[in-house]
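Inside the fold
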Amino acid sequence: MREAASQAESWPKVILTGAQMLFVAFGALVLVPLLTGLDPSVALFTAGVGTLVFHAVTKQSVPVFLASSFAFIAPIQGSVASFGVPATMGGLMAAGLVYVAISQAVRLKGTAWLHRLLPAVVVGPVIMVIGLALAPVAVSMATGETSDNIGYGAAIFLSMTSLLVTLVLAVFGRGLLRLVPIMGGIVTGYVLALLMGVVDFTPVREAAWLSIPSFTAPSFHWAAILFMIPVAIAPAVEHIGDMVAIGSVTRKNYLEKPGLHRTLLGDGLATSVAALFGGPPNTTYSEVTGAVTLTRAFNPKYMVVAAMIAIVLAFVSKLGALLQTIPGPVMGGIMTLLFGSIAVVGMNTLVRAGQSLTAARNLVVVSLILVFGIGGMQFGGGQFTLQGVSLAALVGITLNWLLPREQEGE
């Protein structure tokens, strides 16, 4: 019955609803490339293409939109600084293939092995490391250290106002407003920056109206690949939660149909395809799940339309140039909340598991993941350097595998 109703929907309604879904995702979508030094126009293009790839794999059965993943912000920043953009793209492409490998293992063996290999006591602290490892970068952006033309006083005013608006919308917003807190914070900060005269419009004036986005081809270096692969572990596990969340809204079990192996495969291919063009990794957006809940727009066709609109907007180069004029402190203020909230997701993973963190085994695993990851511990050198999230994840998985489980109950 619902299928017939969805068939009969008018195209203007489908296009309008699709545009609304993109609007909800837009702030977060462009924030990732702006924070990591990638091109926002490329991110729009790869979000659109990634979403289409996902829907092709899952046969248009899940109403989700895929776009830039927050889990990869800190690792991309670190990798670009150490290895450059092309090598980072090679690492991200490999990370997408980790999803593909997990999806095939899930297809053959189910999910029990995944939960054994990556229990909450490993995944929780790894997610916390992803959020907290580059907290100092957020603070230096918020205080104006990364901006040439904005002093400390102006930077703090801009960053804290943007942060305040974002959290007010997130906590007190109603309806659609609650789904666009990042967009609200960026727009407020940008308007203030305009009034203060610290926005440089030269890039917008020099940009053509239409042009092909600045795609970057990946190159492959072992160090960058080893650095990035373990980062895929946490989002792959979170993906299961995302599918359960959207399923609880639409009252369907997407883990069975189209199946977790298909949704994971779609997510992984979307990430690898994004890296092929020089875009950030893709993930399902909880903001869009919120919009689906609010509008009852359960038809996956809306997401396909949103993806097509994103691809078209990617070629409007004045839009890309305009996004790059957003001052650093505006981004920094929002980043402080963002990185913290990623850490809280990790904390919540630990709390929900209900295990005693003071049990000797859990204490050792969690402690070493946090200190190795946040403290900057490094093993090896040259092409084979293990550090940050990758080292933390590896240490956690190894300790969880080796330490006897009987000690938990002591």
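What counts as what
Sequence order as written defines the numbering, with residues in each chain counted from 1. Two thresholds apply to this predicted model, a pLDDT of at least 70 for residue-level local features and 80 or more for giving and counting side-chain atom pairs, whereas whole-chain, interface and lining totals are computed over all residues. The basis for every side-chain value is the complete set of heavy atoms in the structure, and neither hydrogens nor water enter the calculation. Each helix corresponds to a stretch of at least 4 residues labelled H or I by DSSP, and each strand to a stretch of at least 2 residues labelled E; elements are numbered beginning at the N terminus. The globule rule used for comparison is 2.2 Å times the number of residues to the exponent 0.38, while the radius of gyration itself is calculated over C-alpha atoms. Exposed residues in this analysis have more than 50% of their type's maximum accessible area, buried residues have under 20%, and partly exposed residues fall in between, with area computed by a 1.4 Å probe over protein chains only. Whether two residues are in contact is decided by their heavy atoms, any of which lying within 4.5 Å being enough. For accessible areas, the Shrake-Rupley method is used with a probe of radius 1.4 Å. Any residue's cover is judged against the shown protein chains and nothing else. The charge count treats Lys and Arg as positive and Asp and Glu as negative. His and the chain ends do not count. Note that the charge is assigned to NZ on lysines, CZ on arginines, CG on aspartates and CD on glutamates. Cavities and pockets were defined on a 1 Å grid built from protein atoms only: a cavity is a group of points that admits a 1.4 Å probe but offers it no way out, a pocket is an open group of points flanked by protein on both sides within 12 Å along at least five of seven lines, and a lining residue is one with an atom within 4 Å of any such point. Grid points are joined across faces, edges and corners, and a volume is the space filled by probe spheres set on the points. Side-chain classes are defined by residue name, with Ala, Val, Leu, Ile, Met, Phe, Trp, Tyr, Cys and Pro counting as nonpolar, Asp, Glu, Lys and Arg as charged, and the others, Gly among them, as polar. The length a helix should cover is 1.5 Å for every residue beyond the first.

Another point: the overall build of the chain. If you tally the helices and strands in the chain, you get 20 helices and four strands. Compactness check: the chain gives a C-alpha radius of gyration of 21 Å against a globular reference of 22 Å for 410 residues, within 12% of the reference. Reported as C-alpha extents along the three principal axes, the dimensions of the chain are approximately 65 × 60 × 45 Å. Considering the chain as a whole, with its 410 residues, one finds that 55% of them fall into the buried category. Residue pairs in contact within the chain that sit at least 24 positions apart in sequence constitute 83% of those at least 6 positions apart. When the accessible surface of the chain is split by element, carbon and sulfur atoms take 68% of a total near 17400 Å². For the chain, the centre of its 19 positive side-chain charges and the centre of its 15 negative side-chain charges are spaced 13 Å apart.

One simple way to see leftover space: roll a probe sized like a water molecule over the atoms. Counted as a void, the largest pocket has a volume near 1000 Å³. Looking at the lining of the largest pocket, the elements with two or more residues in it are α2 (11-36), α7 (120-132), α9 (152-172), α10 (181-196), α13 (233-250), β2 (282-284), α15 (286-295) and α18 (328-353). Of the residues belonging to the lining of the largest pocket, the class tally is 22 nonpolar, ten polar and four charged.

Between its first and last C-alpha, helix α16 (residues 301-314) extends 20 Å over 14 residues, near the 20 Å set by a 1.5 Å rise per residue. Buried within α16 are the following residues: Tyr302, Met303, Val304, Val305, Ala306, Ala307, Ala310, Ile311 and Ala314. Buried residues in α16 make contact with α2, α3 (40-57) and α15.

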